[in-house]
Amino acid sequence: MRCFGRLIFLLCLLLPAHFFGQVLSSKAEFPAPLRVGIVGLVHGHVDGFFRNSLHSPEIQLVGIAEPDQQLSIKYANQYAIDRSLLFSSLEEMLQKVHPRAVLVYTTTYDHRRVVEVCARHGVHVMMEKPLAVSLDDALAIQRSAQQGNIYVLVNYETTWYASNRAAYDLVKKGDIGGVRKIVVHDGHQGPKEIGVGPEFLAWLTDPKLDGGGALFDFGCYGADLATWLMDGRRPDSVTAVTQHIKPDVYPRVDDEATIILTYPTAQAIIQASWNWPFGRKDMEVYGQTGYVITVANNEIRVRRAAGEEEQISAKRIPAPYDSSLAYFRAVVDGEVKPEGLSSLERNVTVTEILDAARRSAASGRTIQLTK
């Protein structure tokens, strides 16, 4: 021990003082994790959070608010979560552990209530897509966010796809000319067919709690991407057709939907399905001089008028734009502005599109959006 102490003493004499200062400074500058609470456990995507992000350095989980005690205990046992973190209500959790932000895994219908409560406490919100079940709810969420001075973000899996970012960058650089048509495909075999949990399936197939079936569940992806590519512009019109191809499985909600959006010089076609043979999330963007097609989450196919098609690996998205938690923390900490696919402003437009699509499908009419 005496030898070790002498060694430390000699190192202190020999090494420059700024060496120790740099070590201490580097430790002090490491950003603290964002204190977050989980609200709701009925959205199946919460499984992905617990599997992949529970111990992320970006966040510190300080509480879980879920009224269904059995569901809370199930997750606590499955992921070795301290039961002292479990609360039966959002208000109780906010008052006792004071998270700076929350991640929301409730029904879509409950998003409005969660934001209204969080806004009163000054707590920021990131929810799973889509934003709301109706335009009225979306506008109420926007008002609450403004009044409470909080950020509200919407998490889509496809926001973090390098392929989507690469396609967007090509469009904005003018590499394929002005956009003329966007086609977005999102869907899978159906929530029951892929085996989602009973608490998730129950509300996904409830028109009040989900807003619709495939129309809202998967139509939101295409509405979000189209709005992003069109620089936030609202479409002039919305036309939608929905079907009950499997009424014995989904008697209360649509399982197939196609939405057509028109813009002054472009058209977007959104295909949402619970009937495809396998899951897919991809899009095609056609410009005046070429096209770009996304391939899964990391490659694109590009063709220009004068050349042949080539498949390219998309560049990795730089941090903090490469993951939901990194981006959420950066927004809350004021490092980046909330914009693009996750922003509240974009997603109010997305909800307006979905709301109009639901009315169009019910009435058989094209819905003109007011200026």
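Thresholds, definitions, all that
- Residues numbered from 1 in each chain as written.
- Predicted model: local features only at pLDDT ≥ 70, side-chain atom pairs only at ≥ 80, totals over all residues.
- Heavy atoms only, no water.
- Helix = DSSP H or I, 4+ residues; strand = E, 2+ residues; numbered from the N terminus.
- Contact = heavy atoms within 4.5 Å.
- Polar contact = N/O pair within 3.5 Å; in protein donor to acceptor, adjacent residues only side chain to side chain.
- Pairing = 2+ DSSP bridges.

Asks: Would you mind going over the environment of Thr294 with me for this structure?
Replies: Of note, Thr294 is situated in strand E12 (residues 290-295). Filtering out sequence-adjacent residues up to four positions away, Thr294 remains in contact with Ser163, Asn164, Ala167, Asp282, Met283, Glu299 and Ile300. A distance of 2.9 Å separates a polar side-chain atom of Thr294 from the backbone nitrogen of Met283.

Asks: Any chance you could explain the sheet that holds strand E15 (residues 367-368) here in plain terms?
Replies: Backbone hydrogen bonds hold the strands of a sheet together, and the pairing may be parallel or antiparallel. Strand order in the open sheet formed by 9 strands is E14-E13-E12-E11-E7-E10-E9-E8-E15, with mixed pairing between adjacent strands. A strand with exactly one partner marks an edge of an open sheet, and here the two such strands are strand E14 (310-313) and E15. The sheet contact formed by E12 and strand E13 (residues 299-304) spans 6 bridges and is antiparallel. Bridge pairing links Thr294 to Ile300 in E13.

Asks: What is the right way to look at the side chain of Ser324 in this model?
Replies: Looking at the element boundaries, Ser324 is found in helix H13 (residues 324-332). Apart from the residues within four sequence positions on either side, Ser324 is in contact with Met126, Asn155 and Trp160.

Asks: Explain the pairing of strand E9 (residues 256-263) here, please?
Replies: Remark: a regular strand shows side chains that alternate across the two faces of the sheet. Examined bridge by bridge, strand E8 (residues 237-243) and E9 share 7 bridges and lie antiparallel to one another. Across the sheet, Gln243 pairs through a bridge with Glu256, a residue of E9. As paired elements, E9 and strand E10 (residues 266-273) share 8 bridges and run antiparallel to each other. Along E10, the bridge assignment pairs Ile259 with Ile270. Linking E9 to E10, which pair antiparallel, is a turn of 2 residues.

Asks: Just to check I follow, could you spell out the environment of Tyr161 for this structure?
Replies: Tracing the chain through its elements places Tyr161 in the loop between strand E6 (152-155) and helix H8 (162-172). With residues up to four places along the chain from it excluded, the contact list for Tyr161 reads Lys281, Ala296, Asn297 and Ile317.

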